[in-house]
2 protein chains.
Amino acid sequence: MRVLLTNDDGIYADGIQELSKAMQKVASVYIVAPDRERSAVGHAITMHHPLRAERVKLFHNPNLPAWAVNGTPSDCVKLAVEAILPEKPDIVVSGVNRGSNLGTDVLYSGTVSAAIEAVISGVPSIAVSLTAGENADFSPAAEFAAKLAATVLKNGLPQGTLLNVNVPGLPRNEIEGVAVTRLGMTRYNNEFEQRVDPRGRSYYWMVGEVVEITNCSDTDLSAIRCNKISVSPIHFDFTNYQAMDSLKEWNFDM
Amino acid sequence: MRVLLTNDDGIYADGIQELSKAMQKVASVYIVAPDRERSAVGHAITMHHPLRAERVKLFHNPNLPAWAVNGTPSDCVKLAVEAILPEKPDIVVSGVNRGSNLGTDVLYSGTVSAAIEAVISGVPSIAVSLTAGENADFSPAAEFAAKLAATVLKNGLPQGTLLNVNVPGLPRNEIEGVAVTRLGMTRYNNEFEQRVDPRGRSYYWMVGEVVEITNCSDTDLSAIRCNKISVSPIHFDFTNYQAMDSLKEWNFDM
């Protein structure tokens, strides 16, 4: 198994090192990841400045083929598949992200966008996030991801589909199993805090608390609340097919 | 009708001025848009630096309430709805973008992401793009958008659904009508061009040609090829519901 790892926390982040350690037990590992943190970049790509890929040595294994790119997670996957790697990888694993990527938040996620980019390039993929911040132990998530990658290659996934995985930030023996989930719907309340700078001009910080709008037991948010790993199959076809029929009745005025 | 306009080409771009002129005939217009071009930012949001919204005067109507924001299109919509506008707008129109947003490319589009952000905030929305670059005439697209906004408010759209509109870059009398479409599937061929800088280090430019993978008459790409305006209903639920059932049969190894 030839696996490409990437992330949005940057190539030196703990999550990708831990993922790499777990993956090396079962696969040939390549890493192509951003040279710095690129959180909340969504599905951004770099068109207006050139990309550079610098070969780097990682602390946990200096011999590992690893490149730091001055671009977004989506750039890293495109560049790796099209220009850097000697052969197409069998699978792309993006993560382990520090912090969850649940519900509507996947839209903003560089971690998930990198995995979507892989699927667009015809490579199966998994995005993996840990729902914990400081002092997180990434190893349960990394080891689950390594096993899941092998299962994905064995079972296959439908065309254009990837898995978005969130792992509770808990010791391994407190994780209550795995749930196949759909994405919940979230939004933010009280999104901005207005402040005034020393020169009297106002500015805004994005703040706000996540509120789940869906209230069902089969969402990713619900699985995490029950201390389970959530596995959501997602795709990138935004078309609302149901709405097409009713729109065809509309009278479009040119 | 109270309408919020935004875009990803920046507040001073021709497309949003022309849109504003057409909209003012039928609505009270507010503009909150990026202070500079933000193309291909996808659904990025700004969390790590503060946002500023500066009141600006636009050439075509200096009295129009308009703010330039140092953020992405998604930031503009969030900030407008949550902090700047006196009341929630009835509808958000994003565009008119210089260049198409068709098929898989909507993933990278700041124009479309702004419209998705509106729907997340509970405001109906339309994204409008013109499939032409230099010396484009934005007025047919702007006028179509103004009429469509009124139709959307009259007919309503399903929860969480917006319209992604692409208008052919043609004189009005050469446009062959309106088609309700789904998003085609596209990918890029020969994506990167490798060059060597004057100091001998290599770098990459993103290049590549769009190739349509779908080959059907009901896609947005097909409508544009037939000189029609495409109207695609899209939503932001990435879940692949069909895949959930087969995944539940998998043996997840923790």
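Bear in mind the structure is a predicted one, so any value in this text is a computation, not a measurement.

1. Quick word on the confidence of the model for chain A
Link 1 in the chain: Averaged over all residues, the pLDDT of chain A is 93; the fraction at 70 or higher stands at 100%.
Link 2 in the chain: Predicted as a complex, the structure gets a pTM of 0.91 and an ipTM equal to 0.87.

2. Remarks on the interface of chain A and chain B
Link 1 in the chain: Between chain A and chain B, the contact holds 60 residues from the first and 61 residues from the second.
Link 2 in the chain: Elements supplying a minimum of two residues to the side of chain A that touches chain B: helix H2 (73-84), helix H3 (110-120), helix H4 (139-155), strand S8 (178-180), strand S10 (192-196), strand S11 (202-206), strand S13 (229-235) and helix H6 (241-247) of chain A.
Link 3 in the chain: Broken down by element, the residue count for the side of chain A that touches chain B peaks at five residues, all from S13(A).

3. Considerations on the relation of the copies chain A and chain B
Link 1 in the chain: Here chain A sits on chain B after a turn of 180° about the axis and a move of 0.0 Å along it, with an RMSD of 0.0 Å. Taken together, the rotation and translation describe the operation of a two-fold axis.
Link 2 in the chain: Residue by residue, 100% of the interface of chain A is reproduced at the interface of chain B, so both copies engage with the same surface.

4. A look at the packing of H2(A) against H3(A)
All names here are of chain A.
Link 1 in the chain: The N-to-C vectors of H2 and H3 enclose an angle of 25°; their axes lie 7 Å apart at closest approach. The orientation of H2 relative to H3 falls into the category roughly parallel. Note that H2 runs across H3; the crossing there is right-handed. Packed against H2, whose contacting residues are Pro 73, Ser 74, Cys 76, Val 77 and Lys 78, the element H3 presents Gly 110, Thr 111, Ser 113, Ala 114, Glu 117 and Ala 118 at the interface.
Link 2 in the chain: Classifying every residue of the contact of H2 with H3 by side-chain character gives five nonpolar, four polar and two charged.

5. Structural notes on helix H2 (residues 73-84) of chain B
Link 1 in the chain: Buried residues dominate H2(B), accounting for nine of its 12 residues.
Link 2 in the chain: Residues of H2(B) that are buried include every one of B:Pro73, B:Ser74, B:Asp75, B:Cys76, B:Val77, B:Lys78, B:Leu79, B:Ala80 and B:Val81, and no others.

6. Quick look at the pairing of strand S2 (residues 28-34) of chain A
Residue and element names in this part refer to chain A.
Link 1 in the chain: Among the seven residues in S2, six count as buried, and that is most of the element.
Link 2 in the chain: Bridge count for strand S1 (residues 2-6) against S2 is four bridges, and the pairing is parallel. By the bridge assignment for S2, Leu 5 is matched with Ile 31.
Link 3 in the chain: Each parallel crossover has a hand, and for S1 linked through helix H1 (residues 14-24) to S2 it is right-handed.
Link 4 in the chain: Pairing geometry for S2 and strand S4 (residues 66-69), over four bridges, is parallel. Opposite Pro 34, over in S4, you have Val 69 as the bridge partner.

7. Focus on the nonpolar core
Link 1 in the chain: If you look at the biggest cluster of nonpolar residues, it comprises 160 residues, and the most contacted ones within it are A:Ala145 and B:Ala145.
Link 2 in the chain: Contacts of A:Ala145, omitting those with residues within four sequence positions, involve A:Leu19, A:Ala22, A:Val93, A:Gly95, A:Val96, A:Ile126, A:Val128 and A:Val165.

8. Focus on the pairing of strand S6 (residues 125-131) of chain A
One face of the sheet, then the other: side chains in a regular strand alternate in exactly this way.
All names here are of chain A.
Link 1 in the chain: Counting buried positions over the seven residues of S6 gives seven, a clear majority of the element.
Link 2 in the chain: In S6, alternate side chains face the same way, and those of Ser 125, Ala 127, Ser 129 and Thr 131 on one face and Ile 126, Val 128 and Leu 130 on the other are all buried.
Link 3 in the chain: Pairing of strand S5 (residues 91-98) with S6, which is carried by five bridges, proceeds in the parallel orientation. Looking at the pairing, Ser 94 lines up with Ala 127 of S6.

9. Observations concerning unusual backbone geometry
Residues and elements named next belong to chain A.
Link 1 in the chain: The omega torsion across Gly 95 and Val 96 is -15°, close enough to zero to call that bond cis.
Link 2 in the chain: Here Val 96 shows up in strand S5.
Link 3 in the chain: Positive phi values are uncommon outside glycine, yet Asn 227 reaches one of about 60°.
Link 4 in the chain: Topologically, Asn 227 is positioned in the loop between helix H5 (220-225) and S13.

Calculation criteria
Residues numbered from 1 in each chain as written. Chains lettered and ligands numbered in written order. Predicted model: local features only at pLDDT ≥ 70, side-chain atom pairs only at ≥ 80, totals over all residues. pLDDT = per-residue confidence, 0-100. Contact = placed C-beta atoms within 7 Å. Helix = DSSP H or I, 4+ residues; strand = E, 2+ residues; numbered from the N terminus. Least-squares fit on C-alpha atoms with pLDDT ≥ 70 in both. Axes fitted to C-alpha atoms, helices over the stretch in contact; angles between N-to-C directions. Parallel < 35°, antiparallel > 145°, perpendicular 65-115°, else oblique. Left-handed = near helix turned anticlockwise from the far one by under 90°. Nonpolar A, V, L, I, M, F, W, Y, C, P; charged D, E, K, R; others polar. Buried ≥ 20, exposed ≤ 12 C-beta atoms within 10 Å, placed from the backbone. Pairing = 2+ DSSP bridges. Right-handed = clockwise from strand over helix to strand, strands pointing away. Core = buried A, V, L, I, M, F, W, Y, C linked by C-beta atoms within 7 Å.

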